[in-house]
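Tertiary structure, described
Each chain, written out:
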Amino acid sequence: MKLLHLEITRHDWSREHCACGRSATHVADDLMRLARADESSGFGTEIFEGHVFVSSFVHEPAVPVVSVALAALADDVSDYARAKFLELLLFLVGDDGRSERAEREGRDLAAECAAAAKPGIWLLYAEIFSGRRADAVASAYETLSLIEEDEERLDLARVAAGELLPWDLR
């Protein structure tokens, strides 16, 4: 998990304002816990509720969390953790609202999250074609449908992926 650790340490989490009102240093710890999670751990994305997002609104730590999620996809994490990072990524780029703090600062965190995710499109395409887990494939495709600017490429990938995609995404 060297890539993931590298990306986590690259950010100054103490300067990020968590939705819980504290600094986001605990978010970095939770990201490492998620990276080590497996099916039996029961650890999932709900731990980020009230910190990285509240209901449908992302908060300040969401932007660096996107880059950490992409690092996890490039790293050696369990298939379970990979699926959870993809679920988290989809939630962060699919946000349709703004936190009050971001609104006051004139920030569009959803757009910032989408912009942070775009450099990782090939990781998302690779996840689709890996076929490791149906939930991971679905999250990767849905995330791409939100950030991929080349609709023709996405459509070609959808057709080529065929039965790797859930029936409702084919």
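Our subject in this report is the structure included herewith. (Residues numbered from 1 in each chain as written. Predicted model: local features only at pLDDT ≥ 70, side-chain atom pairs only at ≥ 80, totals over all residues. Heavy atoms only, no water.)

1. Considering the overall build of the chain
Here is the rule: Put simply, DSSP H or I for four residues or longer makes a helix, DSSP E for two residues or longer makes a strand, and each gets a number counted from the N terminus. Only the C-alpha atoms count toward the radius of gyration. The rule for a globule is 2.2 Å times the residue count to the power 0.38. Should any heavy atoms of two residues lie within 4.5 Å, those residues are considered in contact. Note on areas: Shrake-Rupley with a 1.4 Å probe; residue coverage comes only from the protein chains shown. The positive count covers Lys and Arg only, the negative count covers Asp and Glu only, and His and the chain ends enter neither. Charge positions are represented by NZ for Lys, CZ for Arg, CG for Asp and CD for Glu.
Tallying secondary structure elements over the chain gives 9 helices and 2 strands in all. Radius of gyration (C-alpha) of the chain: 15 Å, near the 15 Å computed for a compact globule of 170 residues. Principal-axis analysis of the C-alpha atoms gives the chain an extent of 45 × 35 × 25 Å. Contacts in the chain between residues at least 24 apart in sequence constitute 68% of all its contacts with a sequence separation of at least 6. Accessible surface, the chain as shown: approximately 8400 Å² in total, 50% of it carbon and sulfur. Separation of charge centres in the chain, based on 18 positive and 32 negative side chains, amounts to 4 Å.

2. A look at the packing of helix α7 (residues 121-130) against helix α8 (residues 134-147)
Inclusion rule: Helix axes are fitted only over the stretch in contact, all axes being lines through C-alpha atoms; the angle between N-to-C directions runs from 0 to 180 degrees. The crossing is said to be left-handed when, going from far helix to near helix, the turn is anticlockwise and less than a right angle, and right-handed when the turn is clockwise. Put simply, Ala, Val, Leu, Ile, Met, Phe, Trp, Tyr, Cys and Pro go in the nonpolar bin, Asp, Glu, Lys and Arg in the charged bin, and everything else, Gly too, in the polar bin.
Following both chains from N to C, one finds α7 and α8 inclined at 145 degrees, their axes separated by 8 Å at the closest point. In terms of crossing hand, the pair formed by α7 and α8 is left-handed. Here Ile121, Leu124, Tyr125, Glu127 and Ile128 of α7 lie close against α8, whose contacting residues are Ala136, Val137, Ala140, Tyr141, Thr143, Leu144 and Ile147. Split by residue class, the contact of α7 with α8 holds 10 nonpolar, 1 polar and 1 charged.

3. A look at the environment of Ala28
Stated precisely, the cut-off is as follows: Throughout, exposure labels follow a simple rule: accessible area from a 1.4 Å probe, protein chains only, divided by the maximum for the residue type, with under 20% read as buried, over 50% as exposed, and the rest as partly exposed.
Tracing the backbone shows Ala28 in helix α2 (residues 25-35). The class for Ala28 is buried, based on a relative accessible area of 8%. Once the C-alpha coordinates of Ala28 and Val159 are considered, the two residues, 131 residues apart in sequence, prove to be 37 Å apart. When sequence neighbours within four positions are dropped, the list of residues in contact with Ala28 reads Ile8 and Trp13.

4. Quick notes on the packing of aromatic side chains
For clarity, the threshold we go by: Think of it this way: a Phe, Tyr or Trp ring, Trp meaning its six-membered ring, pairs with another when their centres are within 6.5 Å, and the plane angle makes it stacked under 30 degrees, edge-to-face over 60, tilted otherwise.
Applying the stated criterion across every chain, the model contains 2 aromatic pairs. Taking the centre distance of 4.4 Å and the plane angle of 50 degrees together, the rings of Phe53 and Phe91 count as tilted. Of this pair, Phe53 sits in strand β1 (residues 53-54) while Phe91 sits in helix α4 (residues 79-93), and the two are 38 residues apart along the sequence. Arranged with centres 5.3 Å apart and planes meeting at 40 degrees, the rings of Trp122 and Tyr125 form a pair that is tilted. Of this pair, Trp122 and Tyr125 both sit in helix α7, 3 residues apart, which is roughly one turn of that helix.

5. Overview of the pattern of salt bridges
What counts is decided by this rule: Every case where a carboxyl oxygen of Asp or Glu lies within 4 Å of a side-chain nitrogen of Lys or Arg is listed as a salt bridge.
All chains considered together, the criterion is met by 11 salt bridges. Two residues, Arg107 and Glu112, come together in a salt bridge whose shortest N-O distance is 2.6 Å. Among the ionic pairs, Arg132 bridges to Glu127, the shortest N-O distance being 3.0 Å. Sharing partners across several salt bridges, the network here consists of Glu39, Arg133 and Asp135.

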